[in-house]
Amino acid sequence: MVKGANVGLAALSENTDAVVVSLGWASPTGEGDADVSVLLLDAKGKVRSDADFYFYNHPVAPDGSVQLLGKVPSGEGSEDRIGFDLTAIPAEVDRIVVAASRYEGARFGELDDLRVTLADGAGEDLLRFTIEDAGSVSAFIFGELYRRGEEWKFRAVGQGYDTGLAGLAMDFGVDIDDDADETDATHADALSAVGYESESESQPASDSASDSGVSGTDVSGAGAPGETGGSAPATAPTAESDRGASDRGASDRHTSEPLPAVPTPRRAADDTESDRATARPRTAKKKITLPKTPKKSLAENESWRGARLFPVSALKSDRDRETRATSVLLSVMAQVPEFGRRLTAAFGAPAGRMETFTEVSLPHGDTPRRPDGVIRVERAGKLWTALVETKTNGNALRPEQVQAYMDIATRRGYEAVITISNDVALEGSPLVDVKIDGRRKHKVALRHLSWAEVAHQAQLLIRHEGVGNSAHAWLLQELLHYLQHDNSGCHGFQNMGAAWVPVRKGIDDETLCPGDARALEVVESWERLIRQVCLGLGGELGQKVLPVQRARRGTDPGARRARMADELCAEGKVGAELRIEGTPGVLAVGADLRTGRLRTSVEIPVPDQGYPLTWIKRLLRRLAEAPADLHVEALVEDGPGGPRGTLERLRPEPADLLPKNGARITGFRLTLVKGMGSGRGNAESGFIRSVDDAVQRFHSTVVVHLEQPAPRRPVAGAVVGQTGG
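Residues numbered from 1 in each chain as written. Predicted model: local features only at pLDDT ≥ 70, side-chain atom pairs only at ≥ 80, totals over all residues. Heavy atoms only, no water.

> Pulling in residues and values, what's your account of the overall build of the chain?
Along its length, the chain carries 13 helices and 23 strands. Here the chain holds 725 residues, and the buried ones make up 54% of them. Within the chain, contacts between residues at least 6 apart in sequence are counted, and of these 73% link residues at least 24 apart. As displayed, the chain has an accessible area near 31600 Å², and 48% of this comes from carbon and sulfur atoms. (Helix = DSSP H or I, 4+ residues; strand = E, 2+ residues; numbered from the N terminus. Buried < 20%, exposed > 50% of the residue type's maximum accessible area, 1.4 Å probe, protein only. Contact = heavy atoms within 4.5 Å. Areas by Shrake-Rupley, 256 points an atom, 1.4 Å probe, with all protein chains shown as cover.)

What follows is the structure in structure tokens.
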């Protein structure tokens, strides 16, 4: 699409009741990031209340109509996804604005390949809009969904705001405190000034999620765009209404129809008082999370084991584990609406009453098939159905089995087939190849979840974001305990594959040649391991942890892995970088298969002001509790590297880190080196466990002590609550 163009969703697909909008970007350094936001606007172009503003601290609509699904790595960098259940959007909502903002002085012009894509309920991409002229703005409207009669349409907007998120939010009627509308107001100031009022709490499992009482708001613009001061944003479209225009079908898909104007971005120094009366203070009911300090046990000694809702001791075979895991997961999804919605929204499921089933018999030729489970969601008289196939331990998905379920789903008009296993799906490398009959009108989405991702989502809800009541929190805690038990078979990625040992031997005796297919298998296993490490660390921290995909490495995932495989053959090394939200720098992790060493490191910049020796002393004070064998290296301008030493040696002599030739210090690199496990499995001495432990140790002993970036303050009244001890 081009800027200003619009298209009716019904002309692109029959499966647009639920859609997923993805905002994507790439960064030359791998550190560039942005936060998505959504505004529901009424016919006057304003939010009805601040509850119609969705962002990182208010990510889900109680009625399920909007859900921020979080970031996922992509070949070009990362994508931030938003799920919309268009059937749940209240009738008075006219427009849905999809935007993003940057913080700490960052601008969208610094990012590469800005884009927005929209996929239907089957996961098929319907449209793509690439932004070429973002400019020096800190907030940006990518596009909008809007109504035309009974139809939803999408418009490519591409408009920037040099006043940031505060200016964007205020123009659409969100209440911002006066002190947040200053010329250099930060991203954090803007969001912390928003008063958020929760209209409805999450309801008990017996209630339909669709009965929730919060409605969204609509957007239509008012007033023609004008000129802005400072760095000019992209020009807003014209202010002519297209209501009542006849639909012109597929031939008019990407026409540029007149657009009710997006409000003119205000000037950076605009001190105009808001016409709206100051809203009363608002508060939100607290969500329930697990207490940070567990209650003291009443057991007489450690041999007493607490009773569990989902016991695992009786599991004797893989079939028992698959049956139990499926039943446990699906039952909790149905009983905890927040959790069920979290797992299915990205697959195109609507927000509604969910029921789950196990061991359902479905006709298929001469022999009926029994998928491990079925998920059904009912919304406004319509059903969304997904077949579920699960595997535990190291058991792989069987292509012929998945193909049969895809055929059944197609014939019966179901929407999706969901596979769940310990394997991790990679972009551009499907776990199972299935044939799709292009002649059939009905399309079925094939989706995959790893058990590690299931555990990750449960952790986020009960430890950080909170759920509706204590019973839901307890159910999620029991699910998490089950998944993490040694006998459940749901531990996530746990085997580097059959190529691991031959590749290690080939590196040792220098017989591994470029182009060896086994090296590519090891690289793919390494990427799966890194994805799982990100899920585990992100669940513990309650923060986004993503693999960094640098733009210079190319956009084709297959070509990128092939280059990494050649590097593995030539140098015997694999590496990755992780971006952890709220921490300085990028955490790098590398494995040297020749020396059997794991290296974790982070590079941090020096302050803008001060003296080099002062920087060094301040850094060493912050690292007072870090391991003594931590290596600290001074990074110098226009040089390969500066002085270095261990903490143990530098603590009494910090001046040893000063360059002898007077070169300017630009930053510091902190590195820990440890031995790596040799086995391909997840045993105590295995490679997988050693990588996970290395990243966890480096973060907990080094990264947490570093000076943190200015935090994004949470929205008033929308803070996740804690239960008592």
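> Lay out the environment of threonine 646 in plain terms, naming residues and giving numbers.
Following the sequence through the fold, threonine 646 ends up in strand β22 (residues 644-646). Using a relative accessible area of 23% as the deciding quantity, one classes threonine 646 as partly exposed.

> I'd love a proper account of the sheet that holds strand β17 (residues 545-547), names of residues and values included.
If you trace the seven strands from one edge of the open sheet to the other, you get β17-β18-β19-β20-β23-β21-β22, paired in antiparallel fashion. In this open sheet, the two strands that pair with only one neighbour each are β17 and β22. On average, each strand axis in the sheet is tilted by 25 degrees relative to the strand beside it, whichever way the strands run. Along the sheet face, helix α9 (residues 517-541) touches β17, β18 (573-580) and β19 (587-592) and points at about 25 degrees away from the line of β18. Docked against the sheet, helix α11 (residues 612-622) engages β20 (597-605), β21 (631-636) and β23 (665-675), running at close to 30 degrees with respect to β23. (Pairing = 2+ DSSP bridges. Axes fitted to C-alpha atoms, helices over the stretch in contact; angles between N-to-C directions.)

> Explain the packing of helix α6 (residues 451-465) against α9 to me, and be specific about the residues and the numbers.
Contact geometry of α6 with α9 gives a least axis separation of 8 Å together with a crossing angle of 10 degrees. Overall, the two elements α6 and α9 adopt an arrangement that is roughly parallel. Seen from above, α6 lies across α9 with left-handed handedness. Here α6 contributes Ala452, Glu453, His456, Gln459, Leu460, Arg463 and His464 to the contact with α9, which in turn contributes Gln532, Leu535, Gly536, Gly538, Gly539, Glu540 and Leu541. For the contact of α6 with α9, the class distribution of residues is four nonpolar, seven polar and three charged. (Parallel < 35°, antiparallel > 145°, perpendicular 65-115°, else oblique. Left-handed = near helix turned anticlockwise from the far one by under 90°. Nonpolar A, V, L, I, M, F, W, Y, C, P; charged D, E, K, R; others polar.)

> How would you summarise unusual backbone geometry if you had to cite specific residues and measurements?
Glycine aside, the phi torsion of most residues is negative, and most peptide linkages are trans. Here aspartate 113, not a glycine, exhibits a phi torsion of approximately 50 degrees, which is positive. Following the sequence through the fold, aspartate 113 ends up in strand β8 (residues 112-119). Aspartate 113 gets classed as partly exposed once you look at its relative accessible area, which sits at 28%. The phi angle at asparagine 393 is positive, at roughly 50 degrees, despite the residue not being glycine. Here asparagine 393 is to be found in the loop between β14 (382-390) and α5 (399-412).

> Kindly report on the nonpolar core, identifying the contributing residues and their values.
One recurring pattern in soluble globular proteins: nonpolar side chains tend to sit buried together. In this structure, Trp526, Phe668 and Phe687 are the most contacted members of the largest nonpolar core, which totals 59 residues. For this core, the element with the most residues is α9, which contributes nine residues. When neighbours within four sequence positions are excluded, phenylalanine 668 is seen to be in contact with Val602, Glu603, Ile604, Val606, Trp615, Ile616, Leu619, Glu633, Ala634, Leu635 and Leu657. (Core = buried A, V, L, I, M, F, W, Y, C linked by side-chain atoms within 4.5 Å.)

> Describe helix α10 (residues 557-571), with residues and values.
Because each turn of an α-helix spans 3.6 residues, side chains separated by three or four positions end up pointing in the same direction. The end-to-end C-alpha distance of α10 is 21 Å, a good match for the 21 Å that 15 residues give at a rise of 1.5 Å each. Looking at the buried residues of α10, the elements they touch are α8 (500-508), α9 and β18. Backbone geometry just downstream of α10 places glycine 572 in the positive-phi region, at approximately 75 degrees. (Expected span 1.5 Å × (residues − 1).)

> How would you sum up the packing of aromatic side chains? Please name residues and give values.
Evaluated as defined, the whole model comprises seven aromatic pairs. Pairing phenylalanine 53 with phenylalanine 55 gives two aromatic rings, centres 4.9 Å apart and planes at 25 degrees, and the pair type is stacked. Relative accessible area serves as the criterion here: at 2%, phenylalanine 55 is assigned to the buried category. Ring centres of tryptophan 526 and phenylalanine 687 lie 6.1 Å apart, and the angle between their planes is 40 degrees; on these two criteria the pair is classed as tilted. Pair noted here: tryptophan 526 is in helix α9 and phenylalanine 687 is in helix α13 (residues 687-701), with a separation of 161 residues, a long-range link. A relative accessible area of 0% places phenylalanine 687 in the buried class. Members of the aromatic cluster, joined through ring pairs, are Phe53, Phe55 and Tyr56. The aromatic ring of tyrosine 146 is capped on one face by arginine 155, whose charged end is 4.1 Å from the ring centroid. (Phe/Tyr/Trp six-rings, centres within 6.5 Å; stacked < 30°, edge-to-face > 60°. Lys NZ or Arg CZ within 6 Å of the ring centre and 35° of its normal.)

> Please provide a residue-by-residue account of the packing of α8 against α9, values included.
Relative to each other, α8 and α9 sit at 115 degrees, their axes nearing to 9 Å. Seen along the crossing, α8 lies across α9 with a hand that is left-handed. The residues of α9 that touch α8, namely those facing Trp500, Pro502 and Val503, are Arg518, Ala519 and Val522. When grouped by side-chain class, the residues that make up the contact of α8 with α9 number five nonpolar, no polar and one charged.

> Tell me about the environment of leucine 613, and name the residues and values.
Relative to the helices and strands, leucine 613 resides in helix α11. Here leucine 613 falls in the partly exposed class, since its relative accessible area comes to 29%. C-alpha separation for the pair leucine 613 and leucine 658, spaced 45 residues apart in sequence, amounts to 7.1 Å. In contact with leucine 613, other than residues within four places in its own chain, are Pro654, Ala655 and Leu658.

> Describe the sheet that holds strand β15 (residues 416-421), with residues and values.
Across the sheet, five strands lie side by side as β12-β13-β14-β15-β16; this open sheet has mixed pairing. Where the open sheet ends on each side, the last strands, each with one partner, are β12 (353-358) and β16 (445-450). Each neighbouring strand pair of the sheet contributes to a mean axis angle of 20 degrees, computed without reference to strand direction. Its contacts with the sheet place helix α3 (residues 318-335) against β12, β13 (373-379), β14 and β15, and it is angled at close to 165 degrees to β12.

> Could you give me a rundown of the pattern of salt bridges, with the residues and numbers involved?
One pass over the full model with this rule turns up 36 salt bridges. The closest approach of N and O atoms between glutamate 527 and arginine 561, which form a salt bridge, is 2.7 Å. Here glutamate 527, found in helix α9, pairs with arginine 561, found in helix α10; they are 34 residues apart in sequence, far enough to count as distant. For glutamate 527, a relative accessible area of 10% gives the class buried. Its salt-bridge partner being glutamate 637, residue arginine 664 comes within 3.2 Å of it at the nearest N-O pair. Placement of the pair is arginine 664 in the loop between α12 (647-650) and β23 and glutamate 637 in the loop between β21 and β22, with a sequence separation of 27 residues. Connected through shared salt-bridge partners, Asp33, Asp35, Lys71, Asp80, Lys544 and Arg579 make up one network. (Salt bridge = Lys/Arg side-chain N within 4 Å of Asp/Glu carboxyl O.)

> Mind laying out the pairing of strand β7 (residues 95-101), listing which residues take part and the relevant values?
For β7, a buried count of seven out of seven residues is recorded, marking the element as mostly surrounded by other parts of the structure. On β7, burial covers both faces: Arg95, Val97, Ala99 and Ser101 on one face and Ile96, Val98 and Ala100 on the other are all buried. Pairing between strand β3 (residues 35-41) and β7: seven bridges, direction antiparallel. Paired with leucine 41 across the two strands is arginine 95, which belongs to β7. Note that β7 and strand β10 (residues 139-148) share seven bridges and pair antiparallel. Paired with valine 98 across the strands is glycine 143, a residue of β10.

> Explain the confidence of the model for the chain residue by residue, including any values.
Of the residues in the chain, 80% have a pLDDT of 70 or more, and the chain-wide mean is 80. When pLDDT is averaged over each element of the chain, β19 comes out on top at 96 and helix α2 (residues 187-192) at the bottom at 45. Across residues 266-284, where pLDDT falls below 50, the model places 36 contacts with residues more than four positions away in sequence or in other chains. Segment residues 711-725: pLDDT under 50, and 51 contacts once partners within four positions in sequence are set aside and those in other chains are kept. (pLDDT = per-residue confidence, 0-100.)

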